Amino acid sequence: MSLSEKNAHAAAAILARIEGVRSDAKYQKDQIVFSQGDPADSVFYLQSGKAKVTVLSTEGKEAVVAILPPGSFFGEACLTGRAHRMTTVSGLTECVLVRIPKTGTIRALRDDPAFSELFISYLMERNIRAQEDLADQLLHSTEKRLARLLLRLANYGADDPPLDPIVPRINQETLAEMIGTSRTNVNFFMNKFRQLGFIEYNGEIKVNRSLLTMLLKQPVALHD
């Protein structure tokens, strides 16, 4: 059993102890877990599959703000007193979720050290990623931002090499939204990465670890 599988089993055992928890809720691809503006009364844990987080502006424009991998918590804003959801979350693939009531989450954070460690560790890691994303957006070229996103979507840093294929295939418009550029720029660099052997891009995206060399390059001029 891999380290990630062991972590998943440990997390499942911890979550099963929480009062009112609903485990193994299955969601299909594109099925909505909750929508922006819905009542916020629970926290979710993504046990398997991937989910997509989107926001909708007052003008009706939708943007993808995150792709959640297995092991992610989401919906925790309800713990801060938010009465309504600030985002929409839907299945990017078929997902299995654990739903934890707000009251049960608060009680577990207070009384269950193992859950507190699991939950707080995830929030700290996500906060670090958010800071890295902001620095990436402000300081790096489109080329490097795209390389970093592809590596993340392929689970770079996980314990089991090689990198996972990016499943399902994410279209170029979504990639462009996530790094703040145009689809034309994404298309240009995806073709460049493929020509350099950094990715395989035929039906699905397969990322090679050699793409890391793009992040280690000296700063280059911005392309957007």
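## Concerning the confidence of the model for the protein chain
Put simply, the protein chain has an average pLDDT of 86, and 90% of its residues get 70 or more. Here helix α1 (residues 3-16) is the element of the protein chain with the lowest mean pLDDT, 76, and strand β2 (residues 32-34) is the one with the highest, 97.

## As for the packing of helix α4 (residues 142-153) against helix α6 (residues 183-195)
Helix packing for two helices is described by the angle between their axes and how far apart those axes are. Packing of α4 against α6 leaves a shortest axis separation of 10 Å and a crossing angle of 70 degrees. Judged by the angle between their axes, α4 and α6 are roughly perpendicular. Crossing geometry of α4 relative to α6 is assigned as right-handed. In this structure, α4 contributes Thr142, Glu143, Leu146, Ala147 and Leu150 to the contact, and α6 contributes Asn185, Val186, Phe189, Met190, Lys192 and Phe193. Its residues assigned to classes, the contact of α4 with α6 shows seven nonpolar, two polar and two charged.

## Here's the deal with α4
Given a rise of 1.5 Å per residue, 12 residues ought to cover 16 Å, and the 16 Å separating the end C-alpha atoms of α4 matches this to within 8%. The buried count for α4 comes to 11 of 12 residues, which makes it a mostly enclosed element. Among the residues of α4, those classed as buried are Thr142, Glu143, Lys144, Arg145, Leu146, Ala147, Arg148, Leu149, Leu150, Leu151 and Leu153.

## Let's talk about a nonpolar patch on the surface
A cluster of nonpolar residues, Leu134, Leu138 and Leu139, forms a patch on the protein surface that exposes about 370 Å² of accessible area. Along the chain, leucine 134 turns up in helix α3 (residues 113-139). For leucine 134, a relative accessible area of 54% puts it in the exposed group.

## Comments concerning the pairing of strand β5 (residues 62-68)
Both strand β4 (residues 51-56) and β5 contribute to a ladder of six bridges, which runs antiparallel. Within β5, the residue paired with valine 53 across the bridge is alanine 66. Taking the residues between adjacent antiparallel strands as the criterion, β4 and β5 are bridged by five residues, where glycine 60 takes a positive phi near 90 degrees.

## Section: unusual backbone geometry
Positive phi values are uncommon outside glycine, yet aspartate 30 reaches one of about 75 degrees. Within the fold, aspartate 30 resides in the loop between β1 (22-27) and β2. Classification of aspartate 30 by relative accessible area gives exposed; the value is 52%.

## Looking at the pattern of salt bridges
Scanning all chains against the criterion turns up seven salt bridges. Linking aspartate 41 and arginine 99 is a salt bridge whose minimum nitrogen-to-oxygen distance equals 3.5 Å. Here aspartate 41 is found in the loop between β2 and β3 (42-48), whereas its partner arginine 99 is found in strand β8 (residues 95-101), with 58 residues between them in sequence. Owing to a relative accessible area of 41%, aspartate 41 belongs among the partly exposed residues under this scheme. Taking the relative accessible area as the measure of exposure, arginine 99 reaches 21% and is therefore partly exposed. A salt bridge links lysine 192 to glutamate 143; the shortest N-O distance between them is 2.6 Å. Highlighted residues: lysine 192 in helix α6 and glutamate 143 in helix α4, separated in sequence by 49 residues.

Reading guide: rules and limits
- Residues numbered from 1 in each chain as written.
- Predicted model: local features only at pLDDT ≥ 70, side-chain atom pairs only at ≥ 80, totals over all residues.
- Heavy atoms only, no water.
- pLDDT = per-residue confidence, 0-100.
- Helix = DSSP H or I, 4+ residues; strand = E, 2+ residues; numbered from the N terminus.
- Axes fitted to C-alpha atoms, helices over the stretch in contact; angles between N-to-C directions.
- Parallel < 35°, antiparallel > 145°, perpendicular 65-115°, else oblique.
- Left-handed = near helix turned anticlockwise from the far one by under 90°.
- Contact = heavy atoms within 4.5 Å.
- Nonpolar A, V, L, I, M, F, W, Y, C, P; charged D, E, K, R; others polar.
- Expected span 1.5 Å × (residues − 1).
- Buried < 20%, exposed > 50% of the residue type's maximum accessible area, 1.4 Å probe, protein only.
- Patch = residues over 30% accessible without salt bridge, like charges linked within 9 Å, V, L, I, M, F, W, Y side chains within 5 Å.
- Areas by Shrake-Rupley, 256 points an atom, 1.4 Å probe, with all protein chains shown as cover.
- Salt bridge = Lys/Arg side-chain N within 4 Å of Asp/Glu carboxyl O.
- Pairing = 2+ DSSP bridges.

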